[in-house]
Amino acid sequence: MFYKEKHINFITSLLDAQGHVTNVLAEHLKMNGLYWALSALDLLDALPQDEQRDFIREFVFSCFNDDGGFGGAKNHDSHILTTCSAVQISAILGFIHELDKDKIVEFIASLQKEDGSFTGDRYGEVDTRFSLCATLVLSLFDSITKINVDKAASFIKECRNWDGAFGQVPGSESHGGQIFCCVGSLIHLNRMDVIEKDKLIWWLCERQTESGGLCGRPEKDPDVCYSWWNLSAIAALNATEAISTEALIRFILKSQDDEKGGIADSPDNVADVYHTNFGIAGLSLMHFPDIHQQINPEFALTERALRTVPYLSHRKS
Ligand code: FPP
Ligand code: ZN
C-alpha cells in the first residue's frame with residue numbers, strides 16, 4: 001500500500017505558511033530542503049498554489065547574489081549546490097524564465113577549473129557533484145557550450161575507476177551518489193562514450209541487497225535514497241530490467257511511515273523529507289501506478305516541469 005495522501009500531508013506540514021522548511025532543517029539547507037519538498041509534491045500532483053507559491057518565489061529571489069549564484073538562505077554565500085536547487089525549484093514552480101539566465105550561466109562557468117572540474121564556490125572544493133550541478137543548470141538554460149565541454153568530460157573520465165563506477169575526485173572510492181552525478185554530467189555533455197556501460201550496470205546491479213533495497217557502496221546497508229542515486233543511472237542506461245524492481249518497490253513501501261506519512265532511509269527508521277522525495281522519485285522511475293508524474297533521471301525533475309522550461313522547447317520527452 002502506498003500512503004499517497006499521508007505523504008502529501010507529511011510534506012506540506014513541514015512547510016510553514018511562507019513555504020519555508022526551516023522548522024526541520026538547518027538554515028543553510030533551506031534551499032535544498034525546498035527542492036526535496038517541492039519535487040516530492042510535484043510527483044504527487046500536490047504543488048503549493050497561490051500565496052504560498054508566491055512566498056517561495058520571493059524566497060528564491062531573496063537568495064540571489066550579485067555574483068550570479070544563489071545562497072542556501074538570504075545573505076548566504078553562493079554555492080553551486082544551492083544554485084542548482086534554486087533553478088530546479090524555479091522550473092518546478094514555473095518561473096525559471098524570470099531568472100537572470102546570463103548571470104547564472106556566468107557564475108557556473110566561472111567555477112570551472114583548468115582540469116575541467118568544478119568547484120562548489122569560490123573557496124575551491126572540487127567534487128563530481130558540482131560537475132552535475134553545473135551541467136544540469138547549463139543544460140536547462142541550453143547553454144552547455146559556455147563551458148569547456150571536452151575538459152569537463154575528461155575530468156569525469158579521470159574519476160572513473162577500474163570497476164566502471166565513479167567517485168568524488170580522481171582516485172576516490174566508487175559510490176552510487178557520484179555515479180548519478182557522473183552519468184548525468186556525461187549525458188548533459190553528450191559524452192556517453194566515457195561510460196563503460198556493461199561494467200557499470202554490473203556494479204549497480206550488485207548493489208541490490210537481500211532486502212530488495214539498494215546500497216551506495218559494496219557491503220553497506222540498503223538505503224532508500226539509492227533507489228534514486230543508483231536507479232536513475234540504471235534507468236538512464238536503459239537497464240531497469242537488470243534489477244528486481246518488485247523487490248525494490250517492496251523495500252521502499254516498507255520504509256513508509258504508515259501513520260504520519262513520509263519515507264525513512266530504511267524500514268522502521270524515522271521518515272524525513274530527503275528520503276521521502278528520493279523514495280517517491282525511485283518509484284516514479286519504476287512506473288509505480290499510484291504516481292502519475294514521470295521523473296527524468298538526468299534533470300531530477302518531472303517531465304511535466306521540463307515541458308514548462310522555455311529553453312528546452314526543442315526537446316522531445
Ligand atoms: C549520497 O550522499 C549522495 C551523493 C553523494 C550524491 C549527491 C548529489 C548531489 C547533491 C548533486 C545534486 C543533486 C540533484 C538531485 C540534482 P550521502 O551523504 O547520503 O551518502 P552516504 O550514503 O555515503 O552517507
Ligand atoms: Zn540515504
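For the structure itself, consult the block above.
As a convention, each chain's residues are numbered from 1 in the sequence order in which they are written. Chain letters start at A and ligand numbers start at 1, both assigned in the order the entries are written. In keeping with the predicted nature of the model, local features appear solely for residues at pLDDT of at least 70, side-chain atom pairs appear and are counted solely at 80 or more, and the whole-chain, interface and lining totals rest on all residues. With hydrogens and water excluded, all non-hydrogen atoms of the structure serve as input to the side-chain values.

## Observations regarding helix α4 (residues 80–93)
Turning to step 1, where the next piece is worked out: The way it works is that DSSP assigns letters per residue, a run of H or I at least four long becomes a helix, a run of E at least two long becomes a strand, and they are numbered from the N terminus. For a helix, the expected span equals 1.5 Å multiplied by the number of residues minus one. With 14 residues, α4 extends 20 Å from end C-alpha to end C-alpha; this agrees with the ideal 20 Å at 1.5 Å per step.
Turning to step 2, where the next piece is worked out: Burial classification: accessible surface area is computed with a 1.4 Å probe over protein chains only, and a residue below 20% of its type maximum counts as buried, one above 50% as exposed, and the rest as partly exposed. Counting buried residues in α4 gives 13 out of 14 residues, a clear majority hidden from the surface.
Turning to step 3, where the next piece is worked out: Immediately downstream of α4, the backbone of G94 shows phi near 80°, a positive value.

## Section: the packing of aromatic side chains
Turning to step 1, where the next piece is worked out: Working definition: rings of Phe, Tyr and Trp (its six-membered ring) pair if their centres are within 6.5 Å, and the pair is stacked with planes under 30 degrees apart, edge-to-face with planes over 60 apart, and tilted otherwise. Enumeration over the complete set of coordinates arrives at 11 aromatic pairs.
Turning to step 2, where the next piece is worked out: Where F141 meets Y311, the ring centres are 5.4 Å apart and the plane angle is 70°; that geometry is what we call edge-to-face. On the criterion of sequence distance, the pair formed by F141 in the loop between α6 (128–140) and α7 (149–158) and Y311 in the segment after α13 (303–307) is long-range, its members being 170 residues apart.
Turning to step 3, where the next piece is worked out: Among the residues examined, Y311 registers a relative accessible area of 19% and is labelled buried.
Turning to step 4, where the next piece is worked out: An aromatic cluster is defined as three or more aromatic residues linked by ring pairs; in this entry it consists of W36, F180, W228, W229, Y274 and F278.
Turning to step 5, where the next piece is worked out: In this analysis the charged atom, NZ for Lys or CZ for Arg, is taken to sit over a ring once it is within 6 Å of the ring centre and within 35 degrees of the ring normal. Positioned above the aromatic ring of W203 is the side chain of R207, whose terminal nitrogen or guanidinium carbon lies 4.5 Å from the ring centre.

## Looking at the site of ligand 1
Turning to step 1, where the next piece is worked out: Near ligand 1 there are 17 residues, and of these H175, G177, Q178, R217 and Y226 occur at the shortest range.
Turning to step 2, where the next piece is worked out: Two N or O atoms form a polar contact when they lie within 3.5 Å of each other; inside protein one atom must be a possible hydrogen donor and the other a possible acceptor, and for residues adjacent in sequence the pair counts only when both atoms belong to side chains. In the environment of ligand 1, an oxygen atom lies 3.2 Å from a nitrogen or oxygen atom belonging to the side chain of R217.
Turning to step 3, where the next piece is worked out: Y226 is positioned such that a nitrogen or oxygen atom in its side chain is 2.4 Å from an oxygen atom of ligand 1.
Turning to step 4, where the next piece is worked out: Accessible areas in this description were obtained via Shrake-Rupley with a 1.4 Å probe; residue shielding takes into account the shown protein chains only. Protein contacts shield 71% of the accessible area of ligand 1, which totals 640 Å² for the unbound molecule. Put simply, a residue is near a molecule or strand once any heavy atom of it comes within 4 Å of that molecule or strand.

## What to know about the environment of I11
Turning to step 1, where the next piece is worked out: For I11, the position within the fold is in helix α1 (residues 4–14).
Turning to step 2, where the next piece is worked out: Looking at I11, the relative accessible area reads 0%, which means it is buried.
Turning to step 3, where the next piece is worked out: Along the sequence, I11 and D272 sit 261 residues apart, while their C-alpha atoms lie 8.8 Å from each other.
Turning to step 4, where the next piece is worked out: Those residues in contact with I11, other than ones at most four positions away along the chain, are A37, A40, L41, L44 and T276. Throughout, a residue-residue contact means that at least one pair of heavy atoms, one from each residue, lies within 4.5 Å.

## A short note on unusual backbone geometry
Turning to step 1, where the next piece is worked out: One non-glycine residue, D45, lies in positive phi territory at about 55°.
Turning to step 2, where the next piece is worked out: Inspection of the secondary structure assignment puts D45 in the loop between α2 (30–43) and α3 (50–62).
Turning to step 3, where the next piece is worked out: Overall, D45 belongs to the partly exposed group, its relative accessible area being 42%.
Turning to step 4, where the next piece is worked out: Positive phi is not limited to glycine here, since D50 has a value of about 45°.

## Observations concerning the coordination of the zinc ion (ligand 2)
Turning to step 1, where the next piece is worked out: Metal-coordinating donors are taken as N, O and S atoms lying within 2.8 Å of the metal, or within 3.2 Å when the metal is Na, K or Ca; because water is left out, some sites can appear incomplete. Here the zinc ion (ligand 2) is held by the protein donor atoms D223 (OD), D223 (OD), C225 (SG) and H275 (NE2), which lie 2.2 to 2.5 Å from it.
Turning to step 2, where the next piece is worked out: Under the classification used here, a metal with four donors is tetrahedral if each angle lies between 85 and 135 degrees, square planar if opposite donors are over 155 degrees apart and the others between 65 and 115, a six-donor metal meeting that same test is octahedral, and anything else is irregular. Taken together, the 4 donor atoms coordinating the zinc ion (ligand 2) and their angles of 55 to 115° define a geometry best described as irregular.
Turning to step 3, where the next piece is worked out: Look at where the donors of the zinc ion (ligand 2) fall in the sequence and you get D-x1-C-x49-H. Residue D223 is found in the loop between α9 (197–205) and α10 (226–236), and its partner H275 is found in helix α12 (residues 273–285); the two are separated by 52 residues along the sequence.
Turning to step 4, where the next piece is worked out: Take H275: its relative accessible area is 9%, and that puts it in the buried class.

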